[in-house]
Amino acid sequence: MTRTIALIDVNNFYVSCERAFNPRLKYQPVVVLSNNDGCVISRSNEAKALGIKMGEPWFKCQAMARQYGVEALSSNYALYADMSNRVMSILADFSPHQEVYSIDECFLELTGFAQKDLIAYGQLMKTRIFKWTGLPVCVGVGATKTLAKIANNIAKKNIKFNGLCNLSNIKHEELNHLLHAMEAGEVWGVGRQLALKLKARGIDTALDLKRADPVYIRQSFGVVMEKIVHELNGTLCIDLEEVAPPRKQILSSRSFGDAVSDYQSLAASITLYMSRAAEKLRGQQSVASVIQVYIRTSPFKLDQAQYSNSMTIPLPTPTDDTRQLVKMALWALKRIYKPHYSYVKAGVSLGDLISKASMPLDFFTSPDSSDRSTALMRTVDRINAKMGRESIKLASEGFDRSWQMKQGNKSPNYTTSWEQILCVKDKAFSF
Amino acid sequence: MSPLDLLRSYTRKRQTNVAEIFVRVSNKSADIPFFGSKVSAGFPSPAADHVEVRLSADQYLVKNPTATYFVRVKGDSMVNAGIYSGDVLVVDRSVEPSIGQIILAEVDGEFTVKYLGQNQLVPANAHYSAIPFDEADTVALIGVVTGSMRKFP
């Protein structure tokens, strides 16, 4: 049976969240910066028109930004996460099958809805999301996830589509015409590198890719690219994943507000990141078999001495115990740390994650001590969930957080803190 | 026995199919989970049939959590509607505003709370003047104020 899949995503998500709570921002170019105000990670259409690139280091744009009055905001993830949840739960009402693909986009299965006018249905989604959240979205519909992505892309780029594009019921020639106008590199799953390789073989456009021989593609590019070819031809190969599979790796890292050189600050930050990572690990009922710790100086400060290093340690017994993970991480940090460098970033990663339930029993660890650790960690997580983050933490996280990240221009947590909710003031209409 | 211990012991029983549990935690509020139980062995609790969800302010004030936002008022332009400076208002964006309701509107890039009148936003204080729609060219009706909260020191 032919499937019908929609991809809905929020336009310029982070910027749109900021604008929903601060309408003044609607009339000027706006960008949102990454952690530590490093790079541009979201741009309003006006900022895009000024030529500000995604991922561009902010210091490179500053002069131009001042000239054109670009408002640069620090990222406010508490706000974005809450608004994302609102959008996703609104969309969940539109289909029994939903795959939340990222913070600002999700797939909906609309198979069997085909009789309905899908453009009208998409318009209903758009209207409701805008009414309930103030966020603008685009809706793309196609027979596969890849085609739904392309439809969404077309809806976003051509004003005449009004943010809605349904490729599931258009004529073949029409679809081919649209695919011809699209570069192969713009197709979902084809990166810049692969696009260059495709080009070398004469595959320039999405239409070329659609018409390519799947067997040849499989031999030259592998099975993933072959699936993309089938998907472009309307055969579903990548199904909806309604429950996200547990992650195989967990990362936790940040840039520091100000560079640090002392071991104490680095150790405190590593402890914090490892505690966060361990909490996520327990949240998905996994244990880690390998940990990695890394530190580095700023690659942008060319006048300073550069150093970066990492260490990977396999754990004797896979664990989810914050205390053990932190102990190993600090052991590694001690071995890679060198004094007199200005470190700007540190991080940890947990690897080779396996399900806690399927963890093999170990000859050297008594089951009793592992039960006690599980109970302790569960209690810590529960207290922190109830009383607020970091109510209970390891002392090595430290209490002085002078190394923590810079967030020079962060908006209030409008929806997650009573102290910071939106304030509505009387204007000068009084007389 | 704390509610959590109790819940845990029930969960343990559930694994052995002795008890059937219904856990309902209301959306984001911190009230105690409600559970009804059906334990096949032993004397049934006479109260078990009468357990209901404990009242919560959330449930009273918020009908549609997905579309509800809280805003704090600064100023006295709505005092005669019982809205004082410092009050926290419940704004439901999913309700279609109609004339006579108190609404959150966006005027010239700023939010304001007023009565919705015929082509105008009307304050509830004689010291303020109404804001006609056609004069302010950028007026958007954001949502309906469906409730108000105030704490006493």
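Everything discussed here concerns the structure shown above.
Counting of residues starts from 1 at the beginning of each chain's written sequence and follows it residue by residue. Chains and ligands are labelled by the order in which they are written, letters from A for the one and numbers from 1 for the other. Owing to the predicted nature of the model, reporting of local features is limited to residues with pLDDT of at least 70; listing and counting of side-chain atom pairs is limited to 80 or more, with chain, interface and lining totals taken over all residues. The basis for every side-chain value is the complete set of heavy atoms in the structure, and neither hydrogens nor water enter the calculation.

### What about the interface of chain A and chain B?
A common measure of how large an interface is: the accessible area buried when the components associate.
Then, in step 1: Every residue pair with non-hydrogen atoms within 4.5 Å of one another is taken to be in contact. If you look at the interface, chain A gives 29 residues, while chain B gives 41 residues.
Then, in step 2: Summing the contributions of chain A and of chain B, the shared interface buries around 3,000 Å²; its carbon and sulfur component is 55%.
Then, in step 3: Salt bridges are identified by distance alone: a Lys or Arg side-chain nitrogen within 4 Å of an Asp or Glu carboxyl oxygen. Inspection of the chain A/chain B interface yields 2 salt bridges.
Then, in step 4: A salt bridge links Asp426 of chain A to Lys114 of chain B; the nearest nitrogen and oxygen atoms lie 3.8 Å apart.
Then, in step 5: The term polar contact refers here to a pair of N or O atoms within 3.5 Å; inside protein, the definition further demands a hydrogen-donor-capable atom paired with an acceptor-capable atom, and it admits residues adjacent in sequence only when both atoms are side-chain atoms. Taken together, the connections running from chain A to chain B amount to 18 residue pairs in polar contact (both at pLDDT 80 or more).
Then, in step 6: The secondary structure listing takes helices from DSSP runs of H or I that are at least 4 residues long and strands from runs of E that are at least 2 residues long, numbered from the N terminus. Secondary-structure elements contributing two or more residues to the side of chain A that touches chain B are helix H1 (13-21), helix H4 (77-92), helix H5 (118-133) and strand S14 (422-425) of chain A.
Then, in step 7: No other element matches H4 of chain A, which puts 5 residues into the side of chain A that touches chain B.
Then, in step 8: Any two strands are treated as partners once DSSP identifies two or more bridges connecting them. Across 4 bridges, the pairing between S14 of chain A and strand S3 (residues 68-74) of chain B is parallel. Here the buried area means the combined drop in accessible surface, using a 1.4 Å probe, for two parts upon being joined, counting both sides.

### What about the sheet that holds strand S3 (residues 40-43) of chain A?
Residue and element names in this part refer to chain A.
Then, in step 1: With respect to topology, 3 strands assemble into an open sheet ordered S3-S2-S4, the strand pairing being mixed. In this open sheet, the two strands that pair with only one neighbour each are S3 and strand S4 (71-74). Within this sheet the neighbouring strands show an average axis-to-axis angle of 30°, counted without direction.
Then, in step 2: Note: strand S2 (residues 30-33) against S3, 3 bridges, orientation antiparallel. Note on S3: the bridge partner recorded for Leu33 is Val40.
Then, in step 3: With respect to the sheet, H1 is in contact with S2, S3 and S4, its orientation differing from that of S2 by roughly 115°. The axes used here are C-alpha line fits, helices contributing only the stretch in contact, and every angle between their N-to-C directions lies in the interval 0 to 180 degrees.

### Details of a nonpolar patch on the surface
Then, in step 1: Residues Ile383, Met387 and Ile392 of chain A make up a contiguous nonpolar surface patch of about 270 Å² in total accessible area.
Then, in step 2: Counting through the fold element by element, Met387 of chain A comes out in helix H14 (residues 367-387). Note on patches: the residues involved have over 30% relative accessible area and no salt bridge, like charges join within 9 Å, and the nonpolar side chains Val, Leu, Ile, Met, Phe, Trp and Tyr join within 5 Å. Residue-level accessible areas treat just the shown protein chains as cover; the underlying method is Shrake-Rupley with a 1.4 Å probe.

### A look at empty space enclosed by the protein
One water molecule sets the probe size; rolling that probe over the atoms shows where empty space is left.
Then, in step 1: Definitions used for this entry: grid spacing 1 Å over protein atoms alone; cavity, a set of points where a 1.4 Å probe fits but cannot get out; pocket, an open set with protein on both sides within 12 Å along at least 5 of 7 lines; lining residue, one with an atom within 4 Å of a point. Grid points are joined across faces, edges and corners, and a volume is the space filled by probe spheres set on the points. Under the definition given, this model contains 3 cavities of 30 Å³ or more.
Then, in step 2: Taken together, Ala20, Phe21 and Leu422 of chain A together with Tyr69, Phe70, Val71, Val91, Arg93, Leu104, Phe111 and Ile142 of chain B make up the lining of the largest cavity.
Then, in step 3: Taken together, the residues of the lining of the largest cavity sort by class into 10 nonpolar, no polar and 1 charged. Residues are grouped as follows: nonpolar covers Ala, Val, Leu, Ile, Met, Phe, Trp, Tyr, Cys and Pro; charged covers Asp, Glu, Lys and Arg; every other residue, Gly included, is treated as polar.

### A word on the nonpolar core
Then, in step 1: By nonpolar core we mean a set of buried residues, namely Ala, Val, Leu, Ile, Met, Phe, Trp, Tyr and Cys, connected to one another through side-chain atoms within 4.5 Å. Type-normalised accessible area, obtained with a 1.4 Å probe on protein chains alone, sets the label of each residue: buried when under 20%, exposed when over 50%, and partly exposed for intermediate values. Among the nonpolar cores identified, the biggest contains 53 residues, and Ile8, Leu91, Leu108 and Met125 of chain A together with Val113 of chain B are the most heavily contacted of them.
Then, in step 2: A total of 7 residues in this core trace back to one element, the largest contributor, which is H4 of chain A.
Then, in step 3: Apart from residues no more than four positions distant in its own chain, Met125 of chain A is found in contact with Ile8, Leu91, Phe94, Leu108, Leu110 and Val139 of chain A.
Then, in step 4: Membership of the second largest hydrophobic core comes to 34 residues, among which are Tyr263, Ile291, Val293 and Val326 of chain A.

### Considering the packing of H1 of chain A against H4 of chain A
Packed helices, taken two at a time, are described by the angle between their axes plus the distance between the axes.
Residue and element names in this part refer to chain A.
Then, in step 1: It is at 10 Å that the axes of H1 and H4 come closest, and there the two elements cross at 95°. Between H1 and H4, the crossing angle belongs to the class labelled roughly perpendicular. The residues of H4 that touch H1, namely those facing Phe13, Tyr14, Cys17, Glu18 and Phe21, are Tyr77, Leu79, Tyr80, Met83 and Ser84.
Then, in step 2: Of the residues that constitute the contact of H1 with H4, the class distribution is 8 nonpolar, 1 polar and 1 charged. Orientation is classified from the angle alone, with under 35 degrees giving roughly parallel, over 145 giving roughly antiparallel, 65 to 115 giving roughly perpendicular, and any other angle giving oblique.

### A closer look at the environment of Thr111 of chain A
Residue and element names in this part refer to chain A.
Then, in step 1: Tracing the backbone through its elements, the reader meets Thr111 in the loop between strand S6 (105-109) and H5.
Then, in step 2: Between the alpha carbons of Thr111 and Ala6 there is a distance of 9.5 Å; along the sequence they are 105 residues apart.
Then, in step 3: A distance of 3.0 Å separates a polar side-chain atom of Thr111 from the backbone nitrogen of Thr4.

### Focus: the side chain of Ser349 of chain A
Residues and elements named next belong to chain A.
Then, in step 1: Relative to the assigned elements, Ser349 resides in strand S12 (residues 343-351).
Then, in step 2: Here Ser349 falls in the buried class, since its relative accessible area comes to 6%.
Then, in step 3: Excluding residues that lie within four positions of it along the chain, Ser349 makes contacts with Gln249, Ile250, Leu251, Val290, Ile291 and Gln292.

### Some remarks on the pairing of strand S9 (residues 139-149) of chain B
Then, in step 1: In the sheet, strand S4 (residues 88-92) of chain B pairs with S9 of chain B via 5 bridges, with the strands oriented antiparallel. Following the sheet pairing, Val91 of chain B is matched in S9 of chain B by Val145 of chain B.

### A word on the packing of aromatic side chains
Then, in step 1: Note on aromatic contacts: the rings of Phe and Tyr and the six-membered ring of Trp form a pair at centre separations within 6.5 Å, being stacked when their planes are under 30 degrees apart, edge-to-face when over 60 apart, and tilted otherwise. Scanning the entire structure with this criterion turns up 18 aromatic pairs over all chains.
Then, in step 2: Arranged with centres 5.8 Å apart and planes meeting at 80°, the rings of Tyr77 of chain A and Tyr80 of chain A form a pair that is edge-to-face. Linking Tyr77 of chain A with Tyr80 of chain A, this pair stays in helix H4, spanning 3 residues, or about one helical turn.
Then, in step 3: We classify Tyr77 of chain A as partly exposed; its relative accessible area is 35%.
Then, in step 4: Since its relative accessible area comes to 0%, Tyr80 of chain A is described here as buried.
Then, in step 5: Members of the aromatic cluster, each reached through a chain of ring pairs, are Tyr263, Tyr307, Tyr337, Tyr341 and Tyr343 of chain A.
Then, in step 6: We note Arg86 of chain A situated over the ring of Tyr69 of chain B; from NZ or CZ to the ring centre the distance is 3.9 Å. The rule is short: NZ of Lys or CZ of Arg within 6 Å of the ring centre and within 35 degrees of the ring normal puts a charge over the ring.

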